[in-house]
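# Tertiary structure, described
What follows is each chain in one-letter form.
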Amino acid sequence: MSADPDRTAGADAGATETLPVTEGVEADRLAELLGDLVRRRDEHLNADAAFEVHPDDVQETLFTLRDEAGFDHCSCVTAQEYDDRFESIYHLKKYDDPTQEVSVVVPTDKADPRSESAEPVYRTADWHEREAYDLVGIEYDDHPDLRRILLPETWQGHPLSKDYDQDRPQVVTLQEHANPLEEDHKDSESDTMFLNIGPHHPATHGVLHLKTTLDGEQVADVDPDIGYLHRCEEQMCQQGTYRHQIMPYPDRWDYISAGLLNEWAYARAAEDLADIEVPDYAQVIRTMSAELCRIASHMLAVGTFALDVYGDFTAIFMYAIREREKAQKVLEDLTGQRMMFNYFRLGGVVWDIPEPRDEFFERARDFLDGLPQATQEFHDLLTTNEIFQLRCVDTGILPPETAKSYGATGPVARGSGIDVDLRRDDPYGYYDELDWDVITQDGCDNYARVLVRLREVEESAKIIEQCLDLLEDWPEDDREIQANVPRTLKPDPDTETYRAVEAAKGELGIYIRSDGTDTPARFKIRSPCFSNLQTLSEMAEGEYIADLVAALGSLDIVLGEVDR
Amino acid sequence: MSHVSHWLAIGALAVIAVLIPMGMMLVSWLLRPSVPERDKRATYESGEVPTGTTRIRFNIQYYMVALLFVVFDVETVLIFPWTVIYRSALDAGASLTQVLAPMLAFIGILVVALVWAWRKGAVEWARSPRAEREAGDMAGRR
Amino acid sequence: MAATPLQEDVTLLPETIARTLGLDAYGFAGQILAALIGAFIVGNVMLAMTGVAGPWAKRKITAAFTDRIAVNRVGPFGLLIIVADAVRLLSKELIVPENVDRPAWDLAPLVVAGSALLGFAVIPMGNGIHLADPEVGLAYVFATASLASVGLVMAGYASNNKYSLLGGLRAVAQNVAYEIPLVVTGVSVVIFAGSLRMGEIVAVQRETLVVLAGVPIPSWFAIVNPFAFVLFVVANLAEVGRNPFDTPEAPTEIVAGYQTEYSSVYFVLFYLGEFVHIFLGGAIIATLFLGGPAGPVLPGFVWFVIKIWAVFLFTQWARSAMPRVRIDQLMEIGWKGLLVLSFANLVLTAIIVGVIA
Amino acid sequence: MSSKDTPTTDASTTTRDARMGEGLDDRFNSKLREAFGSSPFILTKFDKFMNWVRGSSMFMLQFGIACCSIEMMHTYAVKHDLDRFGAGVPRASPRQADVIIVPGTIVSKFAPRMKRVYDQMPEPKFVIGMGSCTISGGPFQEGYNVVKGAEEVIPVDIHVPGTGAVLRTRPGRGRRTARRGDRRGDPRDAVQLG
């Protein structure tokens, strides 16, 4: 597809003039800006402000916040049910400065949960609101396509609502699964062909279903259908206790070895909620191990992308897996597991670096020493390959404005030239003490995204190197791996927090609301892949089928995280 | 060896080329189980039930290529006899222009045809107007 | 170099058979029998080669390129995998999917497997293994080699599967686009040889081109006209549908292309046909450009096998190292690149030969 | 061979019974085998040979679901190299596959699709359930959307326990599945033996 500049121009392109920011006063300014729209102000942990608005004022409020206050990133929509009301929370951020957050809380009537859709403001709200409808049961007026997203069309009830009876059998017969498009005249009397790509298809990286309409070799329309791996992660986390029972689940969101990055997302949110201070030594270990995970994850991303473009289990795929094996070996030494690490604990990590420490450091350094050569090999085989460039440069274009509107983060956003990285912009762990760079590429195409991942591997290696130095020189009597955390955590009732970390795929955020018990009342996962995957139709429509596959590969989605 | 025997041998190979696959089919017929199940015969489409048939009016691009091929293939066949006698004609004393010029003219016409097809965009994979429109719509919505 | 016919001293395989077995006495019936025996030998040689290549060599070669070992548990070097794979595939259930277009669906694998074998009739393999040598040898080879695309489009259409349909159409579009450059480059060789007879093309290449440091360099057309050689190898890659031109099968796009719905013996036939096709491509390259069975020390047939395996190795190398091009890029490379270059090559060859001669 | 004389095992489930039915198992039968039926000696040798064939060479279905599929990819790749056992050719189309590895949690939306793909595979076909999610739903068992084990949908021959199951043992086991599974013509035994 040609990178037509007109295509990218849009209303939100002008959303650059930001209010002058001053700490603390910001919330008041916003309140002033919104004026009568605000019914009540709320204090959410971390969010500078939480404004309660009327269900019919959602679009107006969000437009104001987006265009006049510069909140161009709708990172998440959380829906939940209270005893007396339903509530949708729009978590807004700025791409320029993710530390500035504002939550727009939209309470709706219990009997008829209905509010205005935010889709015209933020494209990403499309799927988020569908999910809210699907799981909680809030309906959104004005929504272009409000139907179930994660559960089958035939599902009865909304599983995260309070009156849902889980034991009622859901009889979904094969007949009812019969193709709902049967009546659709997509193929009669036209040149187009309706083709299902997935859920069992080698290119979909799991169980994604792409409803594709082809015109010859070109994709006329693509509609990603997700939910084939919806494992009720949020329900699982809402049933688990803060202290121990939740931590194993994050490993399975983004299962491509990014386990520790996910664990950190939960750890960060929960530590915030319970006011736990993590010792520096543990932070360094966390930083190091998380970056190892990032390398492993990016290696697989590059490998499978090569698989999509090359078409077979070729050398580049195998070499990528080889590097992954090495990273996994180091992680296995550290955590005792190859994939499902379960290594972080609230307030630190579960154990120290294994004895003999020298051996571990040596192994880690061996891996790092081999890495430049390996990445060079990838550049030789992949990025400098002319056919590869032919295939990837200027295909799967994702203009920055579109990416922002869809809430794209991580390498996908950075490949579109959006300079955003929570490790730097909203520092956590030990990142702000270390010397590394955020990689961005302006290509906006498949090639740029692959390049970002490859470069990020090098940056991660730099971080690990520095962490290893720190750990080696750390005084022996100061190696505190866990803060003192009470055995049972019971945060105060009605405290809420939304916290995000930079996972391998982008902004992985956790919203937790506590109700005073030892399990969360609402546990919402903001998955980067969920938002990133939404951009697929922007990237692929009008392109060739091969580019659709390549674009999907370059998004590097993992269905465990998309569907949760 | 006579002409006949050449083609006899080729015919013999044709027989063998059919017999070998047939033999394999026979072996397979002997060896394979048969468990007829209704759903086993369903057309595979990534685990979904296919919508619509495959017998549809299909994008014209494939036929364009085929048409072009027919034109060029017939022309290439005409080049064959020329290449065969080219050297012997030269050896027999024909001048270079005499043997080369007609074929150059012929290939020249072919090249002109190719250039024409090229300019017309026939050798490019046509972008489907419908797909373009959809892409445009997406962009327009922004 | 003079284009004198060097053909006469070569005896063809059926003749040899007829003489050794004394079949001459039976007249025409004897001839037929001799031809059949010869054809049987040639057919089985090719079958044996694909048998080794398909289940075993392919894996071993790919493994070598990807840092693995591949089959090593079944028999020495895992060689028994050939038996295991063959019997296991044949003993799978044959599924005839709904709504297939029956005669075409059954015929397609036969056409694909059979057509590739047919081409070997005119290939001189050395040591007298040469079935027939008609005047139109080269044209015949190209004709049979392109028969396979009929089979592919049949398979694609008859399967009533959308992936198959796309695969079949892609296969035929691709084969058709690369057929012309292939043929035009092929005939540029004929300008040197002055004959379409395969035996003669090989014979011409036997002459010494130059003597370098006491080593005679034969006038293989790969050495005489390396440009044509490269063009031909590339076009051949596309003809046999191997990376970077494997769009008809592209597993990550259209699952398995035209063979998506085929199981059991039909799948074996496709698989076999594909490999025979690669070998046929290799045989054509060897005959046209690498002097056929010519080579020092070793017997001719061994050299011939080495050469076609070298081509096979090359296709596998390309497969493990090269990305696949997109269908529109494929067309552009074919029509705008290779076709133009092959015409240029033809004209240049003609001029150079004309000037030198 | 017929499973009549085999002691029935408690590993059988309704799914499997529904699928297998009573009496002679057609999955390993063939015309040739029936012809050998009158001469037990040849029949035994033939069965042994076919078991060896099925155990030594397998085409896996390219079938990734969840976490375990990552480990499955590792099993194909450089370190474990499943191809050593003759099983390293993943096929994308079920028509050409022998073994389906179910590597992850089955949820309500995916179960019918998985069944469909399984159905489309030609006989004899084998199923390896990988990880605890396919055995019982694993850590997600209590989820409203999770199918409590692949066994509810398709008959599983081998279960590999663990979550994010470590597959170092699997190649050998998978190979034994086919052998043990069809030695008695009844994959039920495979569950116990494998």
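Refer to the structure above for everything that follows.
Thresholds, definitions, all that
Residues numbered from 1 in each chain as written. Chains lettered and ligands numbered in written order. Predicted model: local features only at pLDDT ≥ 70, side-chain atom pairs only at ≥ 80, totals over all residues. Heavy atoms only, no water. Helix = DSSP H or I, 4+ residues; strand = E, 2+ residues; numbered from the N terminus. Buried < 20%, exposed > 50% of the residue type's maximum accessible area, 1.4 Å probe, protein only. Contact = heavy atoms within 4.5 Å. Areas by Shrake-Rupley, 256 points an atom, 1.4 Å probe, with all protein chains shown as cover. Buried area = accessible area lost by both parts, 1.4 Å probe. Salt bridge = Lys/Arg side-chain N within 4 Å of Asp/Glu carboxyl O. Polar contact = N/O pair within 3.5 Å; in protein donor to acceptor, adjacent residues only side chain to side chain. Nonpolar A, V, L, I, M, F, W, Y, C, P; charged D, E, K, R; others polar. Axes fitted to C-alpha atoms, helices over the stretch in contact; angles between N-to-C directions. Parallel < 35°, antiparallel > 145°, perpendicular 65-115°, else oblique. Left-handed = near helix turned anticlockwise from the far one by under 90°. Pairing = 2+ DSSP bridges. Core = buried A, V, L, I, M, F, W, Y, C linked by side-chain atoms within 4.5 Å. Domains from an automatic or database assignment. 1 Å grid on protein atoms, 1.4 Å probe; cavity = no way out; pocket = protein on both sides within 12 Å on 5 of 7 lines; lining within 4 Å. Points joined across faces, edges and corners; volume = space filled by probe spheres on them. Expected span 1.5 Å × (residues − 1). Bend = angle between axes of the 7 residues up to and from the residue. Patch = residues over 30% accessible without salt bridge, like charges linked within 9 Å, V, L, I, M, F, W, Y side chains within 5 Å.

## Some words on the overall build of chain C
The secondary structure content of chain C amounts to 13 helices and two strands. Here chain C holds 357 residues, and 67% of them are scored as buried. If you take every contact in chain C between residues at least 6 apart in sequence, the share linking residues at least 24 apart comes to 73%. In the form shown here, chain C has an accessible surface area of approximately 10,800 Å², with 73% of it arising from carbon and sulfur atoms.

## Considering the overall build of chain A
Helix and strand content of chain A: 18 helices and 15 strands. Counting over 564 residues, chain A shows a buried share of 69%. Here the contacts in chain A between residues at least 6 apart in sequence split such that 68% fall between residues at least 24 apart.

## Some remarks on the interface of chain C and chain B
Contact residues are listed per partner, giving 94 residues for chain C and 67 residues for chain B. Carbon and sulfur atoms make up 76% of the surface buried where chain C meets chain B, a total of about 7,100 Å² over both sides. Lys162(C) is paired through a salt bridge with Glu45(B); the nearest N and O atoms lie 3.4 Å apart. Taken together, chain C and chain B are joined by twelve residue pairs in polar contact (both at pLDDT 80 or more). Elements with a minimum of two residues in the side of chain C that touches chain B: helix H1 (13–21), helix H2 (27–65), helix H3 (81–90), helix H4 (102–118), helix H5 (137–158), helix H6 (162–193), helix H11 (264–289) and helix H13 (327–356) of chain C. Here the residues of the side of chain C that touches chain B sort into 67 nonpolar, twelve polar and 15 charged.

## Focus: the packing of helix H9 (residues 226–240) of chain C against H11(C)
All names here are of chain C. Where H9 meets H11, the closest approach of the two axes is 10 Å, and the angle between their N-to-C directions is 165 degrees. In terms of their interaxial angle, H9 and H11 are classed as roughly antiparallel. Crossing angle aside, the handedness with which H9 passes H11 is right-handed. Together, Ala 228, Phe 229, Phe 232, Val 233, Asn 236, Glu 239 and Val 240 of H9 and His 277, Ile 278, Gly 281, Ile 284, Ile 285, Leu 288 and Phe 289 of H11 make up the contact between the two elements.

## Topic: the sheet that holds strand E4 (residues 85–93) of chain A
Residues and elements named next belong to chain A. The strand order across the open sheet formed by five strands is E1-E2-E5-E4-E3, and the pairing between neighbours is mixed. Single-partner strands in this sheet number two, and they are strand E1 (38–42) and strand E3 (73–81). Strand-to-strand twist of the sheet, defined as the mean angle between neighbouring strand axes without regard to direction, takes the value 25 degrees. One ladder, built from eight bridges, connects E3 with E4; its direction is antiparallel. Residue pairing across strands places Thr 78 opposite Ile 89, the latter belonging to E4.

## Describing the sheet that holds strand E10 (residues 218–225) of chain A
Reading across from one edge, E8-E9-E10 (chain A) is the order of the three strands in this open sheet, with antiparallel pairing throughout. If you trace the sheet from one side to the other, it starts and ends with strand E8 (192–197) and E10 of chain A, each paired once. On average, each strand axis in the sheet is tilted by 20 degrees relative to the strand beside it, whichever way the strands run. Direction of pairing for strand E9 (residues 209–215) of chain A relative to E10(A): antiparallel, over a ladder of seven bridges. Bridge pairing in E10(A) places Leu210(A) opposite Pro224(A). In the packing of helix H17 (residues 545–555) of chain A onto the sheet, the strands contacted are E8, E9 and E10 of chain A, and the crossing angle to E9(A) comes to about 155 degrees. H6(C) contacts E8 and E9 of chain A of the sheet and is inclined by roughly 115 degrees relative to E8(A).

## Description of the nonpolar core
Nonpolar side chains tend to gather and get buried jointly when the protein is soluble and globular. Formed by 371 residues in total, the largest nonpolar core has its most connected members in Tyr90(A), Leu92(A), Tyr255(A), Phe120(C) and Trp335(C). Of the residues that make up this core, three or more belong to each of domain 1 (9–141) and domain 2 (244–490) of chain A. Residue contacts for Leu92(A): discarding those within four places in its chain leaves Leu62(A), Leu65(A), Phe71(A), His73(A), Cys74(A), Gln100(A), Glu101(A), Val102(A), Val104(A) and Tyr122(A). Of all hydrophobic cores here, the second largest spans 16 residues; its members include Cys68(D), Met72(D), Ala87(D) and Val99(D).

## Examining the interface of chain D and chain A
Listed as interface residues are 38 residues of chain D and, on the opposing side, 47 residues of chain A. Of the roughly 3,900 Å² buried between chain D and chain A on both sides combined, carbon and sulfur atoms contribute 65%. Across the contact surface, chain D and chain A share two salt bridges. A salt bridge links Lys109(D) to Asp225(A), with the nearest nitrogen and oxygen atoms 3.0 Å apart. Scanning the region where chain D abuts chain A turns up 14 residue pairs in polar contact (both at pLDDT 80 or more). The set of elements that each furnish at least two residues to the side of chain D that touches chain A consists of helix H4 (67–76) and helix H5 (111–119) of chain D. Among the residues making up the side of chain D that touches chain A, the classes are represented as 21 nonpolar, ten polar and seven charged.

## Overview of empty space enclosed by the protein
If you walk through the whole model with that rule in mind, you get 14 cavities of 30 Å³ or more. Around the largest cavity, the lining is made up of 32 residues, and of these Asp312(A), Lys58(C), Arg319(C), Val89(D) and Arg91(D) lie nearest the centre. Those elements that provide at least two residues to the lining of the largest cavity are H2, helix H10 (251–254) and H11 of chain C together with strand E2 (89–91) of chain D. Its residues assigned to classes, the lining of the largest cavity shows 13 nonpolar, eight polar and eleven charged. Of the voids in this model, the second largest cavity is the one considered here, and its volume is about 420 Å³.

## Observations concerning the side chain of Ser416(A)
Checked against the element boundaries, Ser416(A) lands in the loop between helix H12 (410–415) and helix H13 (422–425). On the accessibility criterion, Ser416(A) (2% relative accessible area) is buried.

## A word on H4(C)
Residues and elements named next belong to chain C. Between the first and last C-alpha of H4 there are 24 Å, a value that for 17 residues agrees with the 24 Å anticipated at 1.5 Å per step. Maximum bend of H4: about 30 degrees, positioned at Ala 108, with proline Pro 109 one to four residues after it. Counting buried residues in H4 gives 13 out of 17 residues, a clear majority hidden from the surface.

## Overview of the packing of H11(C) against helix H12 (residues 300–321) of chain C
For any two helices packed against each other, the geometry is given by the interaxial angle and the distance between the axes. All names here are of chain C. Contact geometry for H11 and H12: axes closest at 8 Å, N-to-C directions at 120 degrees. The angle between H11 and H12 places the two elements in the oblique class. Crossing handedness for the pair H11 and H12: right-handed. Only Phe 304, Lys 307, Ile 308, Trp 309, Val 311, Phe 312, Thr 315 and Gln 316 of H12 make contact with H11, whose side of the interface consists of Phe 275, Ile 278, Phe 279, Gly 282, Ala 283, Ile 285, Ala 286 and Thr 287. For the contact of H11 with H12, the per-class residue count stands at eleven nonpolar, four polar and one charged.

## Concerning H12(C)
With 22 residues, H12(C) should cover 32 Å at 1.5 Å per step; its first-to-last C-alpha distance of 32 Å lies within 8% of that length. For H12(C), the complete set of buried residues consists of Gly300(C), Phe304(C), Val305(C), Lys307(C), Ile308(C), Val311(C), Phe312(C), Thr315(C), Gln316(C), Ala318(C), Arg319(C) and Ser320(C). Buried residues in H12(C) make contact with helix H8 (315–335) of chain A together with H2, H9 and H11 of chain C.

## Re the pairing of strand E2 (residues 215–218) of chain C
Residues and elements named next belong to chain C. The pairing of strand E1 (residues 208–212) with E2 spans four bridges and is antiparallel. Bridge assignment links Val 210 to a residue of E2, and that residue is Ile 217. Following E1, the chain reverses through two residues before pairing antiparallel with E2; Ala 213 in that reversal takes a positive phi of roughly 50 degrees.

## A look at the pattern of salt bridges
All names here are of chain A. Taken as a whole, this structure holds 70 salt bridges over all chains when the rule is applied. Glu 131 is the salt-bridge partner of Lys 524, the closest N and O atoms lying 2.9 Å from each other. Taken together, the positions of Lys 524 in strand E15 (residues 520–526) and Glu 131 in helix H4 (residues 125–135) put the pair 393 residues apart, joining distant regions of the chain. Judged by relative accessible area, Glu 131 falls into the buried class, the value being 3%. Where Arg 513 meets Asp 494, a salt bridge forms, and the shortest distance between an N and an O atom there is 3.8 Å. Residue Arg 513 is found in strand E14 (residues 506–514), and its partner Asp 494 is found in the loop between helix H14 (446–473) and strand E13 (496–503); the two are separated by 19 residues along the sequence. A residue is classified by how much of its surface remains accessible, and Arg 513, at 7% relative accessible area, is buried. Taken together, the shared-partner salt bridges in this structure form one network comprising Glu 291, Arg 294, Arg 414, Asp 421, Arg 423, Glu 456 and Glu 502.

## Considering a nonpolar patch on the surface
A surface patch of nonpolar side chains, about 580 Å² in accessible area, is lined by Val15(B), Val18(B), Leu19(B), Met22(B), Phe28(C), Ile32(C) and Leu36(C). Put simply, the parts of the chain that give the nonpolar patch at least two residues each are helix H1 (3–31) of chain B together with H2 of chain C. In terms of residues, the nonpolar patch owes the most to one element, H1(B), which gives four residues. Looking at where Leu36(C) falls in the secondary structure, it is placed in helix H2.

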